[in-house]
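Observations on the three-dimensional arrangement
In case you want the letters, here they are:
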Amino acid sequence: MEKYAVYVPRLIKKRENFAPGHRACIGCGEALAVRLAFKALDNNVIVANATGCIEIIASQLPFTTWHLPWIHTLFENPAAVASGIEAGYKAMKRKGMAVPENTKVVAIGGDGATSDIGLQAISGALERGHDFTYICFDNEAYMNTGIQRSSATPFGAATTTSPAGKQSFGQFTWKKNMPEIAAAHNIPYVATATHGYPFDLMAKVRKAVDTPGPAYVHILSVCPTGWRSATDTVNRQSRLAVQTGVFPLYEVENGVYKMSIDLPRLRPVKDYLKIQGRFRHLSDDLIQQIQDRVELEYQKILEKANNVTKRAKVKGKTGAAKASAR
Amino acid sequence: MATRVGIEVSIAIADAVKLANPDVVAAYPITPQTHIVEHLAELVANGELDAEYIPVESEHSAMSACLGSAAAGARTFTATASQGLALMNEVVYVAAPMRLPIIMAVANRALSAPLSIWCDHSDMMSVRDTGWIQIIAENGQQCVDNIICAFRIGEDKRVLLPVMVHLDGFNLTHVIEPIEFPEQSEVDKFLPPYKFPLPLNPDNPVAMGDFAPPVIFTETKWAQEKNIQASKKVVSEVWDKYNKAFGRQYYPVEKHHSDGAKVVLMTMGAVGETASVAIDEMVADGQDVGQIRLRLWRPFPLEELREAVKDAEVLIVLDRAISYGGPCGPVASEVKAAFYDQPKRPKIVSFVGGLGGRDITVAGFRDIVKQGTEIARTGSKNEYEIYGVRE
């Protein structure tokens, strides 16, 4: 992918669908991811937004950051709102009413809106087969309300409602696997992405939106405020999440798994954990537990993927610094 | 020419919705609303209604899908009851300030616990402050007429508000009545094609549902309140036009022998017809009684109510819901507020009855009027009476 890095930006539109001038924290990985996701799309898109960081930073009466038709109603319902928009357009078009051709519907929400409170509405919309894309911008906690744990918060992370203390090492549950839950609905397209791999992210969002029927994209979005990490390392953290196997990049197209990056070996998870304050309390034992779990989960995805050659064996504990982290 | 047929009221409502030609129906089944949405699904399945039917996974998503479809500019209908209305409550609040004219039939049913599938008005009272226009029907014909009117009211450019049409669960939803249906061509003339002024449209992007900081929140709420207050005029105007087109007139407060009557009984919903029989009997007996029925719950018809009972000495209000720990029945409470600062006001007596499907018979209504008159004369130890309760 690196060899295209100089050329590819020239193919990208200058137009911003998510404009500058919003009120995100400095170094916000989610705002970056949203900008990239919608830069990948044309202006024939209607956005249904869940309550959360992106909704709050990008809207305040009478202003908006969006150059697209945009609707926010509640926290847990953007998938259902998107269902209604899609159905409305379908019916109006069929009945000969004047609506723009080829209008796409994209629902977006954070990890809380997606894997906790809005899970039922997402499942319903995916199951009903609406032609829409759901994008989860996952920053691994309820950041908008002040860094409370969600079911997407990783094991061992300290948040304000899963604090580390004498009796606790922080979050004691493993991150809910939303992409796999989405894939279990047998929808035509599921993908994971992160802003540290921008062209991959844009290509996947584009593909998701162009796919007829429901599509789901899960985008890891680094939150330096909530992760207690340096604001100038968000893309580095994003890439480390991939290179350590913590957040594998893959696609599931019509049930066929495909890894997006061929990693000869994984870097140790410690490289990813050590630059984030939310993990600073973790003992070596706990880090090893995370290492083991990451390898196990990564192996599962690898086994499902049909394009990974046998030489790409997962080895977490060695060959650390060799994988590229630009 | 209009045709008159014997038909179950739920089926009739679905047929009335079909006459309004909605683009989207999103609904989740709940007793006693089911026959309405089943028949709509059937109409769509048979190609008799050209609409998208979204079989959502909950009422919360039903109303959310309605928000999306109405915001896209599609004519939108849903129906629910009781727990369903409670589950969608959060979403119900959003529709009015966003000016989305969704039309919803509510088959009034008691709220749990204990579970009851039968009628009272606790669900209707729970959405009193959501900013929706709330119309109450008493019989099947009124349901059909008011469903058609609701679309015209809600979609009027001066209104652009969601409208609920309330009908009592089972007492109306599951009974067969003779109902007159207007012709499609007549409804098309009465109800112009829907054109939402600022839909979600890539050709003209709008942002809907921004958050409001304290500096502007009050103004948005003021605008919403002005809007629903002003809608009252349009509601009456649409009813007048409906009368011109179809020959049936509706009023925010319906009167029955109430002009000049000393004792007036006030009801909402299907029990009104039973009460009318009792009132007729009592008038025939030479008693000075009358009845008013509230047709419009929100916006509340203050002036019409005051005018309707201007000669009354006693106003007995029957609520089919309890405001737990409150001063009296929820409707009675508002009626008292409506008269508090009036120079001449009737003595207002609050009864609660008909909870969870308990019938009030003709004899029961005669008894309520008798007891109410006595309470007005002598006073009562209670702020309100629960009629027929076994203490």
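This text follows the structure it describes.
Computed from a predicted model, the values in this text were never measured in an experiment.

**Side note on the overall build of chain B**
Summing up its helical and strand segments, chain B has 13 helices and 16 strands in all. Each of the three principal axes of chain B carries a C-alpha extent, and together these read 70 × 55 × 45 Å. Within chain B, buried positions represent 59% of all 391 residues. Counting every atom, chain B has about 15100 Å² of accessible surface; 54% of that belongs to carbon and sulfur. Counting 36 positive and 51 negative side-chain charges, chain B places the averaged centre of each group 6 Å from the other.

**Quick word on the pattern of salt bridges**
All names here are of chain A. On inspection of all chains with the given rule, the structure shows 45 salt bridges over all chains. Linking lysine 175 and aspartate 138 is a salt bridge whose minimum nitrogen-to-oxygen distance equals 2.4 Å. Within this pair, whereas lysine 175 is found in the loop between strand S8 (168–169) and helix H6 (178–183), its partner aspartate 138 is found in strand S6 (residues 133–138), the two being separated by 37 residues in sequence. One salt bridge connects lysine 304 with glutamate 180, and the closest N-O pair in it is separated by 2.4 Å. With lysine 304 in helix H11 (residues 284–304) and glutamate 180 in helix H6, the pair connects residues that are 124 residues apart, well separated along the chain.

**Quick look at empty space enclosed by the protein**
Residue and element names in this part refer to chain A. A full pass over the atoms with the stated rule returns 2 cavities of 30 Å³ or more. Taken as a whole, the second largest cavity spans an internal volume of roughly 50 Å³. Around the second largest cavity, the lining residues are Thr103, Lys104, Val105, Asp131, Phe132, Thr133 and Val209.

**Quick notes on the sheet that holds strand S9 (residues 189–194) of chain A**
Taken in spatial order, the 9 strands line up as S12(A)-S11(A)-S9(A)-S10(A)-S6(A)-S5(A)-S1(A)-S4(A)-S9(B) in an open sheet, and their pairing is mixed. Since the sheet does not close on itself, it has two edges, and those belong to strand S12 (256–259) of chain A together with strand S9 (207–208) of chain B, each with one partner. Summarising the sheet, strand S1 (residues 45–49) of chain A and strand S4 (residues 70–72) of chain A pair through 3 bridges and their orientation is parallel. Residue pairing in the sheet places A:Asn49 in a bridge with A:His72 of S4(A).

**Describing the interface of chain B and chain A**
Residue-level contacts link 43 residues of chain B with 43 residues of chain A. Considering only the surface of chain B that becomes buried against chain A, B:Glu52, B:Pro202 and B:Phe211 emerge as the three largest contributors, covering 20% of it. Inspection of the region where chain B meets chain A yields 5 salt bridges. B:Glu52 serves as the salt-bridge partner of A:Arg94, at 2.6 Å between the closest nitrogen and oxygen.

**Overview of the environment of B:Arg4**
Residues and elements named next belong to chain B. Relative to the helices and strands, arginine 4 resides in strand S1 (residues 3–8). Arginine 4 sits in the exposed class, given a relative accessible area of 58%. Along the primary structure arginine 4 and glycine 154 are separated by 150 residues, whereas in three dimensions their C-alpha atoms are 27 Å apart. Beyond its immediate chain neighbours, meaning those up to four positions away, arginine 4 contacts Pro178, Ile179 and Glu180.

**Concerning the packing of aromatic side chains**
Under the counting rule described, the total for this entry stands at 16 aromatic pairs over all chains. Between A:Phe38 and A:Trp66, the ring centres sit 5.0 Å apart and the planes meet at 90°, which makes this aromatic pair edge-to-face. Of this pair, A:Phe38 sits in helix H1 (residues 29–39) while A:Trp66 sits in the loop between strand S3 (63–64) and S4, and the two are 28 residues apart along the sequence. For the residue pair A:Phe38 and A:Trp66, the accessibility class agrees, reading buried in each case. Judged by centre distance (6.3 Å) and plane angle (50°), the ring pair of B:Trp239 and B:Tyr250 falls under tilted. Within this pair, whereas B:Trp239 is found in helix H9 (residues 214–246), its partner B:Tyr250 is found in the loop between H9 and strand S10 (253–256), the two being separated by 11 residues in sequence. Taken individually, B:Trp239 and B:Tyr250 each receive the classification buried, so the pair is uniform in this respect. Here the aromatic residues A:Phe18, A:Phe38 and A:Trp66 are joined through ring pairs into a cluster of three or more.

About the cut-offs
Residues numbered from 1 in each chain as written. Chains lettered and ligands numbered in written order. Predicted model: local features only at pLDDT ≥ 70, side-chain atom pairs only at ≥ 80, totals over all residues. Heavy atoms only, no water. Helix = DSSP H or I, 4+ residues; strand = E, 2+ residues; numbered from the N terminus. Buried < 20%, exposed > 50% of the residue type's maximum accessible area, 1.4 Å probe, protein only. Areas by Shrake-Rupley, 256 points an atom, 1.4 Å probe, with all protein chains shown as cover. Lys, Arg positive; Asp, Glu negative; His and termini not counted. Charge placed at Lys NZ, Arg CZ, Asp CG, Glu CD. Salt bridge = Lys/Arg side-chain N within 4 Å of Asp/Glu carboxyl O. 1 Å grid on protein atoms, 1.4 Å probe; cavity = no way out; pocket = protein on both sides within 12 Å on 5 of 7 lines; lining within 4 Å. Points joined across faces, edges and corners; volume = space filled by probe spheres on them. Pairing = 2+ DSSP bridges. Contact = heavy atoms within 4.5 Å. Buried area = accessible area lost by both parts, 1.4 Å probe. Phe/Tyr/Trp six-rings, centres within 6.5 Å; stacked < 30°, edge-to-face > 60°.

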